[in-house]
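What follows is each chain in one-letter form.
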Amino acid sequence: MTYHVRKAVIPAAGLGTRFLPATKAMPKEMLPVVDKPAIQYVVEEAVDADLRDILIITGRNKNNLANHFDSVPELEATLVDKGDEGRLERVTKSTDLAEVHFVRQGEPKGLGHAVARAQMHVGDEPFAVLLGDDLIDPRDPLLTKMIDELNNRKASIVALMEVDPSQIHLYGAAATVATDDPDVVRVTGLVEKPSAQEAPSNLAIIGRYLLRPEIFDVLKQTLPGKGGEIQLTDALQSLATDESIAGGVYGVIFRGRRYDTGDRADWIKASIRLAIEREDIGPELVTWLKSFVGSLP
């Protein structure tokens, strides 16, 4: 059987407390990375992998997300009158990207609970989950490789990346065994945010998943874990330790460029790294950065 993955789920119900007070009235997913909200990068990544049916899981005070992917006739008409085709194209791009749907999580019970809220929309087919804190550089496609492995292995697929052992406590960590592909491993166990001493490896789960629909039945049986929340990692642990359930779990090791926007300092670094590669502002910014850094004590 070949699976045709069509749908992507983007959980976006978090409170964004690390970015207060900016996120007091603005969803963290709408914080700009250069001049585009972080969530648009994620939707564009899904579309580039031919996932054009997008479900965003939201919470309270997240209406700006829906507004961003909707048309704004007054603004568009103003740009047309001014003949500003460049800005008009950038404004309408988010409207025309994909079919974007929204559902409320209801209660903040964790990532596993948020994913479970997608069941009615996803139905009985495999789907992608993309977390907005991780931006994947479009020059290093990840989802297409994961989709290929879903079809090859008939299993759920997670994205893994080697991190410094001192940082593994910020992620879910995977125990793995090698396969015939050096960039693909079979996942035999998962631990949510372990200490460096408890971690089974330095392979961290980054925010990309391809899940078979059987995950919904597993999530229904998953008890609250770390932080009192229903953890997607715990549900995947159940799949990983029993390959008779939906073929187990495999990991694609990502070796490309990834930008972490979940931390304030890393969000600033991501904006700088992406900005200096822009033709319109990059040269000016590089010149200024060299001068500024050179002036530091």
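Use the structure listed above.
Heads up: these notes are all about the structure in this document.

Calculation criteria
Residues numbered from 1 in each chain as written. Predicted model: local features only at pLDDT ≥ 70, side-chain atom pairs only at ≥ 80, totals over all residues. Heavy atoms only, no water. Pairing = 2+ DSSP bridges. Helix = DSSP H or I, 4+ residues; strand = E, 2+ residues; numbered from the N terminus. Core = buried A, V, L, I, M, F, W, Y, C linked by side-chain atoms within 4.5 Å. Buried < 20%, exposed > 50% of the residue type's maximum accessible area, 1.4 Å probe, protein only. Contact = heavy atoms within 4.5 Å. Salt bridge = Lys/Arg side-chain N within 4 Å of Asp/Glu carboxyl O. Phe/Tyr/Trp six-rings, centres within 6.5 Å; stacked < 30°, edge-to-face > 60°. Axes fitted to C-alpha atoms, helices over the stretch in contact; angles between N-to-C directions. Parallel < 35°, antiparallel > 145°, perpendicular 65-115°, else oblique. Left-handed = near helix turned anticlockwise from the far one by under 90°. Nonpolar A, V, L, I, M, F, W, Y, C, P; charged D, E, K, R; others polar.

Focus: the pairing of strand β9 (residues 172–178)
- Strand direction decides the pairing type here: β9 and strand β10 (residues 184–192), joined by seven bridges, are antiparallel. Along β10, the bridge assignment pairs A173 with V191.
- Linking β9 to β10, which pair antiparallel, is a turn of five residues.

A few points about the nonpolar core
- One finds L51, I54 and I56 to be the most contacted residues of the largest nonpolar core, which totals 45 residues.
- Of the residues forming this core, the biggest block, seven residues, is contributed by helix α1 (residues 38–48).
- Not counting the four nearest positions on each side in its chain, I54 is found in contact with A8, I10, V43, A46, A98, E99, V100 and H101.
- If you look at the next biggest cluster of nonpolar residues, it comprises 32 residues, including L55, A118, V129 and V158.

A look at the pattern of salt bridges
- Under the definition given, this model contains 22 salt bridges.
- For R6, the salt bridge goes to E125, with nearest N and O atoms at 2.9 Å. Pair noted here: R6 is in the segment before β1 (7–12) and E125 is in the loop between α6 (119–122) and β6 (127–130), with a separation of 119 residues, a long-range link.
- On the basis of relative accessibility, which here comes to 17%, the residue E125 falls in the buried class.
- One salt bridge in this structure joins R208 and E45, with 2.7 Å as the shortest N-O distance. Of the two residues, R208 is situated in strand β11 (residues 203–211) and E45 in helix α1; the sequence distance between them amounts to 163 residues.

Looking at helix α7 (residues 143–153)
- Listed in full, the buried residues belonging to α7 are L143, M146, I147, E149, L150, N151 and R153.
- Positive backbone phi, at 55°, marks K154, one or two positions downstream of α7.

Thoughts on the packing of aromatic side chains
- Scanning the entire structure with this criterion turns up three aromatic pairs.
- Relative to F216, the ring of F127 lies with its centre 5.2 Å away and its plane at 5°, an arrangement referred to as stacked. Highlighted residues: F127 in strand β6 and F216 in helix α8 (residues 215–221), separated in sequence by 89 residues. Neither F127 nor F216 differs from the other in exposure class; each is buried.

Topic: the packing of helix α3 (residues 73–82) against helix α4 (residues 85–96)
- Contact geometry for α3 and α4: axes closest at 9 Å, N-to-C directions at 160°. Considered as vectors, α3 and α4 are oriented roughly antiparallel to each other. Of the two elements, α3 crosses α4, and the hand of that crossing is left-handed. Packed against α3, whose contacting residues are L75, E76, L79 and V80, the element α4 presents R87, L88, V91 and T92 at the interface.
- Residue composition of the contact of α3 with α4, by class: five nonpolar, one polar and two charged.

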